[in-house]
Amino acid sequence: MTLPSSVRLFEMSPRDGLQNEPGTPVPTRTKIELIERLAKAGMSHIEAASFVSPKWVPQMGDASEVMTGISRHSGVVYSALTPNLKGLENALEAKADEVAVFGAASEAFSQKNINCSVSESLERFEPVLARARGAGLRVRGYVSCVLGCPYEGEIAPTKVAAVAKALYDMGCYEISLGDTIGVGTPLAAKRMIDAVSREVPMECLAAHFHDTYGQALANLYAVLEEGVSVIDASTAGLGGCPYAKGASGNVATEDVLYLLKGLGIETGIDLQAVIDTGYWITAELGRTPSSKVALAIGCRQ
Ligand code: HMG
Ligand code: MG
């Protein structure tokens, strides 16, 4: 078991972080500034927006304005969620660099989140992938509820592996495995990765862990040991899923960067700049970061 020498971090705060923000919509200019600050901190992959139905997720209703409003930094990939062809066409028009389809390992969650069964969702993704790839865009695939579902409870690793394989076979270049409600523990995370990596190459897997039960860092360490080298994280620990009640945000980017630094794993990201960004965005939202590292180190300004 050797740890990777470098990790690619996929920053989630503008999308997974803000999609569940209660109350009035976060101003478009605030979202744009967040994305700019993250790029300046050295992020290479930022999920900037979500082209979903604004009736379902009102906070992402300005996806086109956000995507067209950001000034692009070279070397940074600005991606967006696209659940169907309508979302994809809007994402293409707004010049997203990369898009993502999102399925689930749980039937009940699939119904609540995207209003169709798992197999219907896979059918729906086929033309999205064909059109995206025809337009020269890479497509990422998410699988939600990989370590448990808010409606169905336990999820078998073989079910996760089957959905991951379907997305990979369809042409997704990377499969991001979402512990949507943060219920996983390290042994379960290892078992799930073990099952999925029999169907999809390890280098094409990403860990997308939410920190609801405070287990995300332990789970990340467990899957790093298995060979995962792509991690999704959200600055200040922002976020949650509108269709997973009580789910808190992705593991905080600051906490992941601190862990990786201690392990001697390169990311190319400036931890202090991310901490400062976390303090700034949470002040805009009227609270403080939920990252322990951010609270311990404090803001520079
Ligand atoms: P539906 O109601 O079944 O769709 O929703 P429909 O095709 O019947 O269309 C209904 C209406 O929505 C129509 O408008 C469409 O035009 C419109 P109307 O005629 O009623 O005025 N519509 C759209 N509008 C804008 N953009 C679109 C779009 N598609 C249809 N793309 C749909 C199906 C998938 C659209 C809906 O269920 C939806 O938007 N769901 C999004 C749910 C979501 O965003 N969840 C959070 C993200 S996933 C997540 O957080 C998990 C993840 O982080 C990983 C993890 O943690 O596990 C990725
Ligand atoms: Mg998520």
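The protein is annotated in an unreviewed UniProt entry as hydroxymethylglutaryl-CoA lyase from Vreelandella salicampi. Turning to the protein, the UniProt record has this under Pathway (unreviewed entry): "Metabolic intermediate metabolism; (S)-3-hydroxy-3-methylglutaryl-CoA degradation; acetoacetate from (S)-3-hydroxy-3-methylglutaryl-CoA: step 1/1." Its UniProt record gives the protein the following Sequence similarities (unreviewed entry) comment, quoted word for word: "Belongs to the HMG-CoA lyase family."

Taken together, the protein donors to the magnesium ion (ligand 2) comprise Asp16 (OD), His208 (NE2) and His210 (NE2), at separations of 2.1 to 2.3 Å. Each donor residue of the magnesium ion (ligand 2) belongs to the same chain, and together they define the spacing D-x191-H-x1-H. Residues His208 and His210 agree in their burial class; the two are buried.

In terms of nonpolar packing, the biggest core is built from 105 residues, with Met67, Val143, Val160, Leu167, Ile175, Leu177 and Val196 touching the most fellow members. When residues in this core are grouped by element, the largest group, seven residues, is from helix α11 (residues 271–285). Setting aside residues no more than four positions away along its own chain, Val160 makes contact with Ala105, Val143, Val146, Ile155, Leu177, Met192 and Val196.

Turning our attention to the site of ligand 1. Of all residues adjacent to ligand 1, which total 28 residues, the nearest are Asn84, Asn113, Asn115, Ser144 and Thr180. A distance of 2.6 Å separates an oxygen atom of ligand 1 from a polar side-chain atom of Thr180. Protein contact buries 75% of the 1100 Å² of open area that ligand 1 shows by itself. At the level of elements, α1 (13–17), α4 (85–93), α5 (107–114) and β5 (138–144) are the ones that each hand at least two residues to the shell around ligand 1. In terms of residue class, the shell around ligand 1 is made up of 12 nonpolar, 11 polar and five charged.

One non-glycine residue, Lys95, lies in the positive phi region at around 65°. Position of Lys95 among the secondary structure elements: in the loop between α4 and β4 (98–104). With a phi close to 65°, Ala236 is a non-glycine residue in the positive phi region. Take Ala236: it is sitting in the loop between β8 (230–233) and α10 (253–262).

All right, on to the side chain of Ser234 then. Along the polypeptide, Ser234 turns up in the loop between β8 and α10. Residue Ser234 is classed as buried on the basis of its relative accessible area of 0%. Ignoring sequence-local partners within four residues, the contact set of Ser234 consists of Glu11, Met12, Ser13, Gly17, Asn250, Val251, Ala252, Thr253 and Glu254.

It is worth spelling out the pattern of salt bridges at this point. Summed over all chains, the structure comprises 15 salt bridges. The salt bridge involving Arg72 is made with Asp97; its shortest N-O contact spans 3.5 Å. Of this pair, Arg72 sits in the loop between α3 (63–69) and β3 (77–81) while Asp97 sits in the loop between α4 and β4, and the two are 25 residues apart along the sequence. Of the residues examined, Arg72 reaches a relative accessible area of 34% and is grouped as partly exposed. Accessibility expressed as a relative area gives 33% for Asp97, which makes it partly exposed.

Inspection of the entire model under this criterion finds zero aromatic pairs. Taking NZ or CZ as reference, Arg138 lies 3.7 Å from the ring centre of Tyr173, over its face.

About the cut-offs
Residues numbered from 1 in each chain as written. Chains lettered and ligands numbered in written order. Predicted model: local features only at pLDDT ≥ 70, side-chain atom pairs only at ≥ 80, totals over all residues. Heavy atoms only, no water. UniProt positions renumbered as here; feature names shortened; annotations may be inferred. Donors = N, O, S within 2.8 Å, 3.2 Å for Na, K, Ca; no water. Buried < 20%, exposed > 50% of the residue type's maximum accessible area, 1.4 Å probe, protein only. Core = buried A, V, L, I, M, F, W, Y, C linked by side-chain atoms within 4.5 Å. Helix = DSSP H or I, 4+ residues; strand = E, 2+ residues; numbered from the N terminus. Contact = heavy atoms within 4.5 Å. Near = heavy atom within 4 Å. Polar contact = N/O pair within 3.5 Å; in protein donor to acceptor, adjacent residues only side chain to side chain. Areas by Shrake-Rupley, 256 points an atom, 1.4 Å probe, with all protein chains shown as cover. Nonpolar A, V, L, I, M, F, W, Y, C, P; charged D, E, K, R; others polar. Salt bridge = Lys/Arg side-chain N within 4 Å of Asp/Glu carboxyl O. Phe/Tyr/Trp six-rings, centres within 6.5 Å; stacked < 30°, edge-to-face > 60°. Lys NZ or Arg CZ within 6 Å of the ring centre and 35° of its normal.

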